[in-house]
Every structure is written in C-alpha cells, then in structure tokens.
Amino acid sequence: MIKQPEPLNRKLALFDKFTRARVESRYLNARYRRILTGPGLASGTLSHADRAAVPALAAGKRGRTENAMNDHRPKPGLASSHDHTRNNSPLRWAKLHQQVDSTGWLPGYGIALLASLGVTLAAMPLSPHLDHANIVMLFLLALVGVAARYGRGPAVLVAVSNVLAFNFVFMPPHFAFAFETLQSILTFAVMLIVGLSVGQLTARFRHQVQVARAREERACFLYEMARELSGAATAEQVIEVSERCVATRSHVQVRLLLPNAQNRLQPPVTQPGQPDIDLAIAQWCFDHNELAGLGTDCQPDAPLLYLPLKAPLRTRGVLVAALDCRRLPLLPEQSRLLETLAVLIAIVLERVHFAAIARDTQIKMEAERERSALLAGLSHDLRTPMTALIGLTDTLALALPAEQSPYQDSLMAIREQAQRMVLLVDNLLDMARLQAGRAWLRKDWQSLEELVGAAVRLLEQPLRDHPLRLALDPELPLVDCDAILIERVLVNLLQNAAKHTPAGTVIGMTARATGDQLTVTVWDEGPGLPVGREQTLFEKFARGPVKSVVSGVGLGLAVCQSIIQAHGGYIHAANRATGGACFTFTLPLQTPPPLEFSEDFDPHPT
Amino acid sequence: MSTSPESFLTVLLVEDEQAIRCFVRAALEGVGCRVHEADSLHRGLLEAGTRQPDLIILDLGLPDGDGVDFIRDLRAWSGVPVLVLSARIEEYDKVEALDAGADDYLVKPFGVAELLARIRALNRGHVREPGGNVIITFGEICVDLEHRQVTRNDQPVHVTPTEFRLLATLVTQSGKVLTHRQLLRDVWGPAYVERSHYLRIYMGHLRQKLEADPAQPRYFLTETGIGYRFRPT
C-alpha cells in the first residue's frame, strides 16, 4: 500500500496545481483569520450541540472517521452531511466556521424577526398603560437576548426591525411610518445605535468565550495526550497510544513513522481502509526536518500532512496526519496544535529512546560482569590443577637425578605437555575475553621497546636455539595500547616463529613509526607460509602446513588478530622474498601527552 | 643445599589448594625452610601473628575473602615480605596487592625453580635494609647513593636528578616489584600517579645509559601491566 515516489513528469504536471493551491490557501487563510477574530455567534451553538452529541454518537464514530479518511476529495453535496454528528474535537475549528458561513445564519435571523414581532404583539395591549420609553426598554431586552444567543448579524436585524415596529405601531400616527418629526428621528437613531452597540458587545463577548473554550479544549486534549503518553515504555506503545488518542479525541487520524538504525523510515503496517502513506514524502520530511504534504510548501497536493517529530537532540520520526480535504486550509490554531502534538510525541520518543539505551547498557554491564566472573572462575579452576601438575613434576625432577631414575625423560615430557596446556588455556581464555568486545581494553601510553623486552624475556626458553635480531628504531614514540595484550601478540608471533622454524635459524623483529602508525614486523628464515593461505592462518584453529609435524591449535594468530583489530590496527602475513615468513601488524599512533615536569627543577638538590 | 641463603627461613603458606600446598612445602623444605600452612585468609592472619614468619606466600584467589585486605591488615603491624600467587586473569588484583604492600608476585602456574628464585631475591632484599648500603654495584655499574654519582666501567655516567631518583628508588628495593603507581609517587610525587608515560620515558633514558641492549634489559626489567623490577645479576 506504500506509494513509491511519483515520477518526475507527474510532479511537473502538479506544479501548476501547487501554485494555484498556494494562492488559494493564502486567500482562504486570510478569510479564516478574519472569521476567527470577528464575532461568530452561531458557532457557539454548534459547539454546544457537538458537545451534547458526543456520548450518543460515540458508537457510530469509527465508521464515519474511516469514511472520511478514505474520502480525500471534496464531494459536492455531501460536504456537511455529518458535520453535526462529529464528536467533540479541538481540531474542528475550520468545520465550525464553515458551518456558520453556509447554513448557520437562517435560524438566527428567523428568530430575530420573531423576537421583534413577539415584543410588538406583547407590548400592544400594554401601550395605553406604558410610557413610550418603557416600551423601548422591552425592545432593547429582545435585542440583547438575540445578540447574546445568535451574534452580530441577527442583532442588527432585530435592531432595525425593532425600530420599524416601534415607529409603525407605537409612534403617532399609529400603524403608519412617520419619520418627519424630530422626535421620531431621534428615537429611530438612538434605538439603532444602541441595538448595534449591544449586538457588537455581546457578540464579542460570545466570541471570546468561544475562543477560551477552544483553548481549554486544546489544553485538555494535550494534557490527556501527555498523561497517556507518560505511561508508554516502548516506541511501539508510543505509536499505539498516540494513534489511538488522536483518533478517539478528533476526526483527524494520525500515523507515526519511526526510522530504523540507518535513518530510513519504516513503512507502517497498513490496514485496509487507511490512507496510503507516501514514504518518499515522509522521508523528505524526516531528512529536512520540515513540514511536508498537504497544503505545505513541499508537495501541497499530497492527500496527507507530514510533520517531523522534532525532539531536542534530533528528529525522532514523522507524524502523518490525515485531514479532511474539504476543511482545508488549516487554521493557525489547528496547525499549532498539530505541531505541539508532534513535539509532545517527539519528546516522549526521545525519553523512550534513552530509557531503552539505559536499559541496554545495564544489561550489557551485567552480562559483562557475569562474563568476567565466569572467566575469572574458569581461569582459576583451570590453573590450579596445572600449577599443581607443573609444581609436582618439578619436585619429582629435583629428586629423580639423585636416584639415577630412568623416568627422567618421561618426566620432562610431562612438564612440557603441561606447559603447552597452559598456553592453550591462556589462548582460549584470551579469545573468550576478546569476543566480549573492546570495552575491556586497558589502554595506556606504552613503550614498544619495553614490551618487546618483556616478551623476549618470557620466551627465554623457546628462543634459546634461535639467534634473535632486533631492529627497533631508537626514537619510537609511545603508543596508546593495552600493554598485556600487545605483549601477548609479540609473544605469540615470536613463539610461532620459534616453533615453525628449524633450530639455529635467525628470528628478527623490526619496528618503525611511519606517519600516524607504528609498524612491527616479526620475520624468520624458516620454510615460509603455504602460498595463498596467508590470511586463513588468522582463522580460529587454522594451522600451517596441513600435515605439519608441529602441533598446536591455531588459536594464537586468531588471538593476535582480535587484539590488533580491537586496537584499530591490522595484521597480515606474507612470505619474504629471501625465504621465510613475516608477520606485520600496525598500531595507530596518537600524540602522547606532554611532559610538564621540568628536569631543571630538583626538589632535593645535592 | 643447607648453605643456601633461604635456609632456616620460616615461611607461612596461605593457599586453599591442597596439591599446591603439597609441592610448595616439598620445594621449600628441600632447601631447608620451615613451612607453616593456612588454608584461609582468616587462619593465615592468625598464623602470621603467632608464627612470626620471615616470608608469607599468599594466594590471591582464596574463597573466604580478598587477599588485598589481608595484605593491608598485615601491613598495619608487620613488614614481613609477601609473595603473591595469582592466576593471570587477575592482573589488576595483582597490581592492587602490590600497591597495598605485597613485595612480589608469581603467576600460576609456576615452576619450583622460579619460586625459589623469587624467595631468594626477596630474602636478600629484605635483609639489606634500605640506606644501609650507600654504594650499590651490579655488573659494571656502580651507584653511589650518598654522592649521587653513577659510574659505568669506572667512567662517570651523567644522569639527571629525576633519573637518579628513579634509579635510587629501584636499586634500594632490589628484587621487589615496584608498581607504576609506587614509582610515580616516590619519584615525581603523589600528583603524578596517573601519568605513567613519564615512567616509560625516564625508564627508557635509564636503560639507554645503563643497559648494554635497552631492548633486552638485564637489570631493569619490565613487569608488563604492573611495574618494574631491579634485578642485580
């Protein structure tokens, strides 16, 4: 049901219509503004009628609303068929004023004439007993009554007809118009002026009451919306509550469109009978943060109005309002109300958004804590038996030579296997930690030279058969990294080199800073890497040559890759032109903090 | 073996794992130490008070409490050297334990040779009181603490005042692991404890001046993620 963006030619064809529509809308706006500010007595009556009709008509409301939503184009002759049966709505101003304009004047003027006639007939039998001045009072009374009830127009009519009736019936000569005498002219003028003034004043008063009532209704509506929305805990609930609230309180139907993570609006589930939403216009409205659609500067010919949901931090979505085309253009109050509604919903969406973030963060933290606890426990549980195993082998190894035992070699083999097991456990635990994300990185300013020194010292035994050639630039800058993890990378790479190359071959390491990165290479003079499989080595459980005699689960390189990637660098493997393999990794370099401590200052001079 | 310097030491071993206690005891008794065992922190504190050990070996992963609290309690009334045992994943517990006053640490799993080497180093460092010796010699380096002079192969080496303070702090606590925090506090002052890049740069300078190969130091060793250790060889 979602319409695709209209083709260009259609848009061009519409352009002419847009221009016309804008001119019309400017004219109509001016007209409605005048209506709103001037007295409109009849609309008050309608307002009451509407209010009274709500409970009785509530059951039938849905069908009518849907009908109105389907029916975007004006249909002559049907325009006012259900105007009187609308439910109580703050969005109904345009409708009220149209009512006043088209059909509302008749009863008011009829009653005005009846009032005049009634007072005349009532005063006739009393005229011998009453002074003329008192009879005029009765006419004024009727005038005030009509003015208060029906506004300015009927009040004028009553004023004129009163003057005529008074002159005709009560002024001598009776039952004839006589405007010759000064007295009759004065009476005529005073009655007319008083009639018009009273009519004007009461009509203005009525209008103000009406405006105040409309404001109260709007405030009430917003208040109820706010209250309903305050209970919403998810974006779906916000959509549900706002669509339902607006639908039950007004004849405007709204839909909310929310963006996905890529800032694309998601098409809503459209039920039959609901208007088609043009997703392209909605997206434009969302991207530009401006009103679009019906009666606006962008696509004024579209059947629906699109309002951006502007929250303090960003636009949270689009509010699509289905208004009745017959009641266009919107009054300033109406559009302001819609905009306020949009802001209200936007703020609630923002609150929901941050509540969700807070909840997610809490869940992540809990998960992280549990994972850490689990890993610490696992580490402890795995290491304790290993410690005992290695320690007890050592104890035996110290005792066996004295006894000239033939099992010394076996004992050494046990110890070596145990050491390998420890390495495997280390790699597995590291891998598990690395899978958790980068939150655990403990970065600090480190000297690569130091890390290399520490790694080489840890590998004293495995590297004893290999001459080591270190070529580190003497002026290497400090690098912001997790020392333990980078040491682990160096240890794994050196250990790999020692494991996969024949004894006596050289293992080397070079490090240099180029621009904004530190490049470290570990190379060897061994058999090299299988051609074409250089990168697959970094996959978990990958090993070098397929049936290699050298054992070892290929977790070491996968761990290296995870660590380097978490630091924002990259690692790759290659064969050297002169034979052997080389592994290169990079780490991003930043400017280290300055040294503020002055060497010249010495708090303890000699 | 009975002539080794660790002979006749009284060692308190606080460790909950029977198998580890077993081999540590065997190793220590093999070199002539007297070993007392405790399987919980609570018991350990009692033993430390009654047995007056020369050295405490403490496992950080005990079920009945935090080893760091144990060290803080102990340090309130005793300066006995403490060697901490820990699993690698508890790196930062180790730093905390060292900051609280532990002297050295061993990562599980460890071998007997490693354990004995650490005990030897700690015992030696402990016997020589700081300030007792004003001239410290290691390899071809000679540090005169009183006159603030450093010589290498009898040639004077120029060190800046800060470098000298760092050097003096390290060499007077030979064998002991000094955490980044402790070094920054002692050399630069309490306001500098978070600025570990100072330490990296000045350690680099010291190694340039005093080590044959700064990338493979012999004396000023890096304990990655923890601190530094001076090891006279």
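All values derive from a computational prediction rather than experimental measurement.

### Points about the overall build of chain B
And then number 1: In terms of regular secondary structure, chain B is built from eight helices and twelve strands.
And then number 2: The buried share of chain B, taken over its 233 residues, is 59%.
And then number 3: In chain B, of all internal contacts separated by at least 6 residues, the share reaching a separation of at least 24 is 58%.

### Overview of the confidence of the model for chain B
And then number 1: Summary statistics for chain B give a mean pLDDT of 87 and a share of 92% for residues scoring 70 or more.
And then number 2: For this predicted complex, the interface confidence reaches an ipTM of 0.88, while the overall pTM sits at 0.59.

### What about helix α12 (residues 408-435) of chain A?
Residues and elements named next belong to chain A.
And then number 1: Relative to the 40 Å expected for 28 residues at 1.5 Å per residue, α12 spans 41 Å between its end C-alpha atoms, a close match to the ideal helical length.
And then number 2: Looking only at α12, the buried set comprises Leu 411, Arg 415, Ala 418, Val 422, Val 425, Asp 426, Asn 427, Leu 429, Asp 430, Met 431 and Leu 434.
And then number 3: Where α12 is buried, its residues touch α11 (332-403), α14 (483-500) and α15 (556-566).

### A few points about the side chain of Ser78(B)
All names here are of chain B.
And then number 1: Along the chain, Ser 78 turns up in the loop between α3 (67-75) and β4 (82-87).
And then number 2: Since its relative accessible area comes to 17%, Ser 78 is described here as buried.
And then number 3: Here Val 80 takes part through its backbone nitrogen, which lies 3.1 Å from a polar atom of the side chain of Ser 78.

### Notes on the pattern of salt bridges
And then number 1: Scanning the model with the defined rule gives 27 salt bridges over all chains in all.
And then number 2: A salt bridge links Arg457(A) to Glu223(B); the nearest nitrogen and oxygen atoms lie 3.6 Å apart. Here Arg457(A) is found in helix α13 (residues 448-458), whereas its partner Glu223(B) is found in strand β11 (residues 220-223) on a different chain.
And then number 3: Given the relative accessible area of 25%, Arg457(A) is considered partly exposed.
And then number 4: A salt bridge links Glu37(B) to Arg21(B), with the shortest nitrogen-to-oxygen separation between them at 2.9 Å.

### Topic: unusual backbone geometry
And then number 1: The step from Lys108(B) to Pro109(B) runs through a cis peptide bond, and the omega angle for that step is -5°.
And then number 2: Within the secondary structure, Pro109(B) sits in the loop between β5 (104-108) and α5 (112-127).
And then number 3: Despite not being glycine, Gln299(A) has its phi angle at roughly 50°, a positive value.
And then number 4: Here Gln299(A) shows up in the loop between β2 (292-293) and β3 (305-310).
And then number 5: Notably, Arg148(B) is not glycine yet its phi reads approximately 55°, a positive angle.
And then number 6: When you line up the elements, Arg148(B) lands in the loop between β7 (141-144) and β8 (149-152).

### What about α13(A)?
And then number 1: Among the eleven residues of α13(A), nine are classified as buried, and the element is accordingly described as predominantly covered.
And then number 2: Buried within α13(A) are the following residues: Leu448(A), Glu449(A), Glu450(A), Leu451(A), Val452(A), Gly453(A), Ala454(A), Ala455(A) and Val456(A).

### Overview of the sheet that holds strand β1 (residues 10-14) of chain B
Pairing between sheet strands relies on hydrogen bonds along the backbone, with the strands arranged either parallel or antiparallel.
Residue and element names in this part refer to chain B.
And then number 1: A sheet is described by the order of its strands in space; here five strands give the open sequence β2-β1-β3-β4-β5, paired in parallel fashion. Here the strands that pair on one side only, and so sit at the sheet edges, are β2 (34-38) and β5. For this sheet, the mean angle separating the axes of adjacent strands, direction not counted, is 20°.
And then number 2: In this structure, strand β3 (residues 55-59) lies alongside β4, joined through four bridges in parallel fashion. Considered in β4, the bridge of Ile 57 is made with Leu 83.

### As for the confidence of the model for chain A
Residues and elements named next belong to chain A.
And then number 1: Summarising the model, chain A shows a mean pLDDT of 75, and 76% of its residues fall at 70 or more.
And then number 2: Within the model, pLDDT remains below 50 along residues 1-103, and this stretch shows 164 contacts once partners closer than five positions in the same chain are excluded.
And then number 3: Overall, residues 600-606 carries pLDDT values under 50, and its contacts beyond four positions in sequence, including any with other chains, amount to seven contacts.

### Let's talk about the sheet that holds strand β6 (residues 468-472) of chain A
Residue and element names in this part refer to chain A.
And then number 1: Spatially, β6-β8-β9-β11-β10 is the arrangement adopted by the five strands of the open sheet, whose pairing is mixed. Either end of the sheet is taken by a strand with one partner, and the two such strands are β6 and β10 (571-575). Strand-to-strand, the axes of this sheet are offset by a mean angle of 15°, without reference to chain direction.
And then number 2: Pairing between β10 and strand β11 (residues 581-588): five bridges, direction antiparallel. In the strand pairing of β11, Asn 575 is matched with Ala 581.
And then number 3: In the packing of α15 onto the sheet, contacts are made with β10 and β11, and the angle to β11 comes to roughly 25°.

### Remarks on the packing of aromatic side chains
Pairs of aromatic rings are described using the distance from one ring centre to the other and the angle between the two planes.
And then number 1: Taken as a whole and judged by the stated rule, the model has 13 aromatic pairs over all chains.
And then number 2: Ring plane angle 85° and centroid distance 6.1 Å describe the contact between Phe168(A) and Phe175(A), whose orientation is recorded as edge-to-face.
And then number 3: Owing to a relative accessible area of 30%, Phe168(A) belongs among the partly exposed residues under this scheme.
And then number 4: Each ring, one from Phe138(B) and one from Phe230(B), has its centre 4.7 Å from the other, and the planes form 70°; the classification is edge-to-face. Remark: Phe230(B) occurs in strand β12 (residues 227-230) and Phe138(B) occurs in strand β6 (residues 135-138); sequence separation between them is 92 residues. For the pair Phe138(B) and Phe230(B), a shared accessibility class is recorded, and that class is buried.
And then number 5: Within the aromatic cluster, the residues linked to one another by ring pairs are Phe138(B), Tyr219(B), Phe220(B) and Phe230(B).
And then number 6: Here the guanidinium or amino end of Arg195(B) rests over the ring plane of Tyr192(B), the centre of that ring lying 4.9 Å away.

### Focus: the interface of chain A and chain B
And then number 1: Between chain A and chain B, the contact holds 52 residues from the first and 46 residues from the second.
And then number 2: Our count for the chain A to chain B interface comes out at three salt bridges.
And then number 3: For Glu450(A), the salt bridge is made with Arg200(B), and the minimal N-O distance between the two is 3.4 Å.
And then number 4: Counting across the interface, chain A meets chain B through eleven residue pairs in polar contact (both at pLDDT 80 or more).
And then number 5: When residues in the side of chain A that touches chain B are grouped by element, the largest group, 15 residues, is from α11(A).
And then number 6: In terms of residue class, the side of chain A that touches chain B is built from 24 nonpolar, eleven polar and 17 charged.

### Observations regarding the nonpolar core
Residue and element names in this part refer to chain A.
And then number 1: One finds Leu 490, Phe 583 and Phe 585 to be the most contacted residues of the largest nonpolar core, which totals 49 residues.
And then number 2: Take this core: its biggest share by element is ten residues, from α14.
And then number 3: When sequence neighbours within four positions are dropped, the list of residues in contact with Leu 490 reads Leu 451, Val 452, Ala 455, Met 509, Val 520 and Phe 585.

### Let's talk about the packing of helix α6 (residues 132-150) of chain A against helix α8 (residues 182-230) of chain A
All names here are of chain A.
And then number 1: Taken N-terminus to C-terminus, the directions of α6 and α8 make an angle of 30°; their axes are 8 Å apart at the nearest point. The orientation of α6 with respect to α8, classified from their angle, is roughly parallel. For the element pair α6 and α8, the recorded crossing hand is right-handed. Only Met 191, Val 194, Gly 195, Val 198, Gly 199, Thr 202 and Arg 206 of α8 make contact with α6, whose side of the interface consists of Val 136, Phe 139, Leu 140, Leu 143, Val 144, Ala 147, Ala 148 and Arg 149.
And then number 2: For the contact of α6 with α8, the per-class residue count stands at ten nonpolar, three polar and two charged.

### Comments concerning the pairing of β2(B)
Residues and elements named next belong to chain B.
And then number 1: One ladder, built from five bridges, connects β1 with β2; its direction is parallel. From the neighbouring strand, Leu 13 faces β2, where its bridge partner is Glu 37.
And then number 2: Crossover β1 to β2 through helix α1 (residues 18-30) is right-handed.

### Observations concerning the packing of α11(A) against α12(A)
All names here are of chain A.
And then number 1: At their nearest, the axes of α11 and α12 sit 10 Å apart, and the two run at 165° to each other. Judged by the angle between their axes, α11 and α12 are roughly antiparallel. Judged by the sense of rotation from one axis to the other, the crossing of α11 with α12 is left-handed.
And then number 2: Residue classes in the contact of α11 with α12 are distributed as 19 nonpolar, four polar and six charged.

Reading the values: rules and limits
- Residues numbered from 1 in each chain as written.
- Chains lettered and ligands numbered in written order.
- Predicted model: local features only at pLDDT ≥ 70, side-chain atom pairs only at ≥ 80, totals over all residues.
- Heavy atoms only, no water.
- Helix = DSSP H or I, 4+ residues; strand = E, 2+ residues; numbered from the N terminus.
- Buried < 20%, exposed > 50% of the residue type's maximum accessible area, 1.4 Å probe, protein only.
- Contact = heavy atoms within 4.5 Å.
- pLDDT = per-residue confidence, 0-100.
- Expected span 1.5 Å × (residues − 1).
- Polar contact = N/O pair within 3.5 Å; in protein donor to acceptor, adjacent residues only side chain to side chain.
- Salt bridge = Lys/Arg side-chain N within 4 Å of Asp/Glu carboxyl O.
- Pairing = 2+ DSSP bridges.
- Axes fitted to C-alpha atoms, helices over the stretch in contact; angles between N-to-C directions.
- Phe/Tyr/Trp six-rings, centres within 6.5 Å; stacked < 30°, edge-to-face > 60°.
- Lys NZ or Arg CZ within 6 Å of the ring centre and 35° of its normal.
- Nonpolar A, V, L, I, M, F, W, Y, C, P; charged D, E, K, R; others polar.
- Core = buried A, V, L, I, M, F, W, Y, C linked by side-chain atoms within 4.5 Å.
- Parallel < 35°, antiparallel > 145°, perpendicular 65-115°, else oblique.
- Left-handed = near helix turned anticlockwise from the far one by under 90°.
- Right-handed = clockwise from strand over helix to strand, strands pointing away.

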